[in-house]
Each structure stands twice: as C-alpha cells, then as structure tokens.
Amino acid sequence: MELGIDVSKVDSHAVVSVSGEIDVYTAPKLREKLIELVSEGTYDVVVDLEKVDFLDSTGLGVLVGALKRVKAHDGGLALVCTQDKILKIFKITGLTKVFPIYSSVDEATSG
Amino acid sequence: MTEVEIEIPSRSVYVGVVRLALAALARSAGLSEESVDDLKIAVGEACANAVIVNEETAPDVPVKVLWTHEDSRVVVEVQGAGHPYDSSEVESEVGLAARMEMSVALLESLVDSCEVTDRPGGARTARLTVNL
C-alpha cells in the first residue's frame, strides 16, 4: 500500500512517475506533490501511471484538482497509461474526455 | 454458503486491507481476474465512502464488511454509520462531492447490483452483488 512518487524534468514538462496504489489513504501524498509543483511555477505536468496497480475515486479527484490548478495558469496535465484496468476507471467516470492520455512519456512530452 | 466478516477502524489506512482480503476471497470463489479487479475497486469505493462519512460523523464506529458466497452469487455488505455513498452528508468539503459522484459511477458499473438499505440507528448498508 505504498505510493512512490518520482519527479523528473523533460524539456518544460515535469514528469511525475507514480508507483503503487493511489487510494483514499495515499492520494493526499500525490495531491501535496502536485500542489508543490504548481506553486513552484510548473504548469506543464505529465503524470505517468504505468506503475500504478490501483486507482480509486480519491486518486481521480486529485488528478482533476491538479488539472484545474495548471489550467488556471494556462498549463496542461497529461497522463501516461496503457493498462486496461486503469484506463477502464477513466472511461467509466468519463475522464478520458478530460485528460489527454498517452501511451508513453515521450509521446506525452512532445504532444 | 460461506460467510466472512471483517471489521476495520474508520481510518483510510485500513481500506487497503479490506481490498486485499476481498480480492483473495473473490479468487477463492472462482471469479475471473477481471471480476476480482472490478470487485476490488467497488468494495474499495464503498469502504472508502463509509470511512469518509464515519470520520466526519462517527469516528469511533468501525466499518463492517460482510462477505457471503452463495451458489450463484457473491454479496458484499459494507456497513457504515452514515450513508455509504451519498454526497449530501459530506458536501461541506470542497472536492468531496465530485469524488463521490465518480465513486458512485464506479460502484454502479463494476458490480451487478448496488443498493443501500437503512439500518436501525441511522446507519446504512451498501450491498454489492456479483452474479456468478
């Protein structure tokens, strides 16, 4: 039930690679990291979900909140995800229409 | 019929424990890996919702999860002190209502039926059913 968060820079983007389970317990840690990035002036964010095993509605709420924050600064938040079980959660909640979702970090940072 | 009851303190750290236990029970009942994943998400949502409401209204009341495996179906009941997935009781905090809306969408999509019943004392039970 650990959540790993690793941040790297690719061009003007911050790439946030998340691993483990994003749920009601761990999501606040991701929220804090994303708020920190925006407060430091990073408004183009890519969240890499390829190593995420589980995502719940609290995690979705954190991503939507971060999207609103970067959009307020004319930025963007893209996701990297190819796992069917995670994509299914975005589809059910209608968020595939809200987030640009890419199959690799390279695609997301050049898109 | 097999019954398993799990009781957790109303704190978010324990929701993952319920998910793991329920995934193991679902596998033992012969559910496919996809159905195990779906049930894990649905039970996690119902449990998280119960914990969030309990934390606000009744932090000392535990959340109870009752697993029942019958011939043709699996039923998971999540009992909390408040409404397990009703945004009206937690709308005071910004963002929670939107979270609850997504949670309900997940619950309604991932199990065959999801219903809420009242229990004495204002508590409620979310009853999730998966047909085998």
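Bear in mind the structure is a predicted one, so any value in this text is a computation, not a measurement.

Here we take up the overall build of chain B. Across its full length, chain B holds three helices and five strands. Out of the 132 residues belonging to chain B, those deemed buried represent 42%. Taking as baseline every contact in chain B between residues at least 6 positions apart, the subset at least 24 positions apart corresponds to 63%.

So, on to the sheet that holds strand E5 (residues 101-102) of chain A. All names here are of chain A. Read across the sheet, five strands follow the order E1-E2-E3-E4-E5 without closing on themselves; strand pairing throughout is mixed. Among the strands making up the open sheet, the edge pair consists of strand E1 (3-10) and E5. Taken together, the two bridges between strand E4 (residues 76-80) and E5 define a ladder with parallel strand orientation. Bridging from a neighbouring strand, valine 80 pairs with tyrosine 102 of E5. Along the sheet, helix H2 (residues 57-71) contacts strand E2 (13-22), strand E3 (44-55) and E4; its crossing angle with E3, the most-contacted strand, is approximately 180°.

Glancing now at the confidence of the model for chain B. Detailed reading of predicted coordinates is not advised where the pLDDT is low. On average, residues of chain B score 87 in pLDDT, and 89% of them reach the 70 mark or higher. Contacts from residues 87-94 of chain B, a stretch scored under 50 in pLDDT, to residues over four places away or in other chains number 13 contacts.

With that settled, consider helix H3 (residues 96-110) of chain B. Over its 15 residues, H3(B) extends 21 Å from the first C-alpha to the last, a length consistent with the 21 Å expected when each residue adds 1.5 Å. For H3(B), every residue scored as buried is listed here: Leu96(B), Arg99(B), Met100(B), Met102(B), Ser103(B), Leu106(B), Leu107(B) and Leu110(B). When H3(B) is viewed along its axis, its buried side chains cluster within an angular range of 165° and face the same direction. On its buried face, H3(B) sits against H2 and helix H3 (84-92) of chain A together with helix H2 (33-57) and strand E4 (113-118) of chain B.

Scoring rules and cut-offs
Residues numbered from 1 in each chain as written. Chains lettered and ligands numbered in written order. Predicted model: local features only at pLDDT ≥ 70, side-chain atom pairs only at ≥ 80, totals over all residues. Helix = DSSP H or I, 4+ residues; strand = E, 2+ residues; numbered from the N terminus. Buried ≥ 20, exposed ≤ 12 C-beta atoms within 10 Å, placed from the backbone. Contact = placed C-beta atoms within 7 Å. Pairing = 2+ DSSP bridges. Axes fitted to C-alpha atoms, helices over the stretch in contact; angles between N-to-C directions. pLDDT = per-residue confidence, 0-100. Expected span 1.5 Å × (residues − 1). Arc of directions from axis to C-beta.

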